Amino acid sequence: MNKIFPSADKALEGVVQDGQLMAVGGFGLCGIPEALIDALRDSGKKDLTVISNNAGVDGFGLGKLLETRQIKKMISSYVGENKEFERQYLAGELQLDFTPQGTLAEKLRAGGAGIPAFFTKTGVGTQVAEGKELREVHGETYVMEHSLVAAVADKSGNLRFRLTARNFNPAAAMAGKVCIVEVEKIVEVGELAPDDIHLPGIYVHRIVLNATPEKRIEKRTISEGAK
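A. The overall build of the protein chain, seen in detail. On a plain count of helices and strands, the protein chain comes out with six helices and 11 strands. Its C-alpha atoms give the protein chain a radius of gyration of 18 Å, within 12% of the compact-globule value 17 Å for 227 residues. Considering only C-alpha atoms, the protein chain reaches an extent of 55 × 45 × 40 Å along its principal axes. The 227 residues of the protein chain split such that 43% are buried. Of all intrachain contacts in the protein chain linking residues separated by at least 6 positions in sequence, the fraction that spans at least 24 positions is 70%. For the protein chain, the accessible area works out to roughly 12,400 Å², and carbon and sulfur atoms hold 50% of it. Placing the 28 positive and 30 negative side-chain charges of the protein chain at their respective mean positions leaves the two points 2 Å apart.

Given below as structure tokens:
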């Protein structure tokens, strides 16, 4: 089965729809599917609910979809670095399911593993636990969190991620009913050593090559006096 598509827009064809729930990998701007985000923006699909650690920055990453008002709700753990995100949320124009980072990762992992819900101590006694089931185990209180299963996920092949680009990507890919992967390099089957594979190709449905992503730095910090 040929999973390779000639372009990002072709890879999204017949998959993305208005009002969809989708998971997008990446952490800040590291490991994000740049070409697929651009193609999603150009598709004009709207009222999207997006699961992602954060929403990029103003004018880049998922920030592009905020600018075009295609996202109606974010399920995220970090919402800084993006003034448009802040503006829309405070104005009541953007819904937010604010989720602790570890809980968000486990929600995706559990969804991919077929686990409908799990208990965690994270968030007990805070607004995170409001309206959720609490259970006492061995004298400790836990809150029940439901897993996430997205209609579309971004990034992954027989996949090997480079360094920190791994972040949320394997979990986002596993949680997707349809997984669309954006990669920098495609190699022949067998070239990757089995022990080097971070995500098995069984989870991947569509692949698009983006050999030259911009890889913008979210916030560059240098020491004082550095040249």
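Structure shown, so let's carry the discussion forward.
B. The arrangement of the packing of aromatic side chains in detail. A full pass over the atoms with the stated rule returns one aromatic pair. Ring geometry for phenylalanine 27 against phenylalanine 168: centres 6.5 Å apart, planes inclined by 15 degrees, an arrangement best described as stacked. Residue phenylalanine 27 is found in the loop between strand S2 (21-24) and helix H2 (34-43), and its partner phenylalanine 168 is found in the loop between strand S9 (150-154) and helix H6 (169-175); the two are separated by 141 residues along the sequence.

C. Region of the structure containing the state of the cysteines. Under the definition given, this model contains zero disulfides. Unpaired in terms of disulfides, cysteine 30 finds its nearest cysteine sulfur in cysteine 179, a separation of 17 Å. Exposure remark for cysteine 30: the relative accessible area of 27% places this residue in the partly exposed category. A relative accessible area of 0% means that cysteine 179 is categorised as buried.

D. Geometry of the sheet that holds strand S6 (residues 117-120). With respect to topology, three strands assemble into an open sheet ordered S6-S8-S7, the strand pairing being antiparallel. In this open sheet, the two strands that pair with only one neighbour each are S6 and strand S7 (134-137). Put simply, the sheet's adjacent strands are angled 35 degrees from each other on average, direction ignored. Here S6 runs beside strand S8 (residues 140-146); their pairing, made up of four bridges, is antiparallel. Bridging from a neighbouring strand, phenylalanine 118 pairs with glutamate 145 of S8. Set on the sheet, helix H5 (residues 101-113) makes contact with S6 and S8; between it and S6 the angle comes to about 155 degrees.

E. Expanded view of H5. Given a rise of 1.5 Å per residue, 13 residues ought to cover 18 Å, and the 18 Å separating the end C-alpha atoms of H5 matches this to within 8%. Listing the buried residues of H5 in full gives Thr103, Leu104, Lys107, Leu108, Ala110 and Gly111. Each buried residue of H5 sits inside an arc of 165 degrees when the element is viewed along its axis, so together they form one side. Where H5 ends, the next residue or the one after it, glycine 114, has phi of about 80 degrees, a positive value.

How each quantity is defined
Position labels on residues start from 1 in each chain and follow its written sequence. This being a predicted model, a pLDDT of at least 70 is required before a residue's local features are given, and a value of 80 or more before pairs of side-chain atoms are given or counted; all residues contribute to the totals for chains, interfaces and linings. Only heavy atoms go into the side-chain values, all of them from the structure, while hydrogens and water stay out. In this text, helices come from DSSP runs of H or I with a minimum length of four residues, and strands from runs of E with a minimum of two, each type numbered from the N-terminal end. Based on C-alpha atoms, the radius of gyration is set beside the globule rule, defined as 2.2 Å times the residue count to the power 0.38. Using a 1.4 Å probe on the protein chains alone, a residue whose accessible area is under 20% of its type maximum counts as buried, one over 50% counts as exposed, and one in between counts as partly exposed. Contact definition: two residues touch when any of their heavy atoms are within 4.5 Å. Here, Shrake-Rupley sampling with a 1.4 Å probe gives the accessible areas, and only protein chains in the shown set may cover a residue. We count Lys and Arg on the positive side and Asp and Glu on the negative side, and we leave His and both chain ends out. Note that the charge is assigned to NZ on lysines, CZ on arginines, CG on aspartates and CD on glutamates. Put simply, two rings from Phe, Tyr or Trp (the six-membered ring, in Trp's case) pair if the centres are within 6.5 Å, and we call them stacked under 30 degrees between planes, edge-to-face over 60, tilted for the rest. Two cysteine sulfur atoms make up a disulfide if the distance between them is within 2.5 Å. Here, any two strands with at least 2 DSSP bridges between them count as paired. Whenever a helix is involved, its axis is fitted only over the stretch in contact; in every case the axis is a line through C-alpha atoms, and angles between N-to-C directions fall within 0 to 180 degrees. To estimate the expected span of a helix, count its residues, drop one, and scale the result by 1.5 Å. This arc is built from the directions going out from the helix axis to the C-beta atoms.

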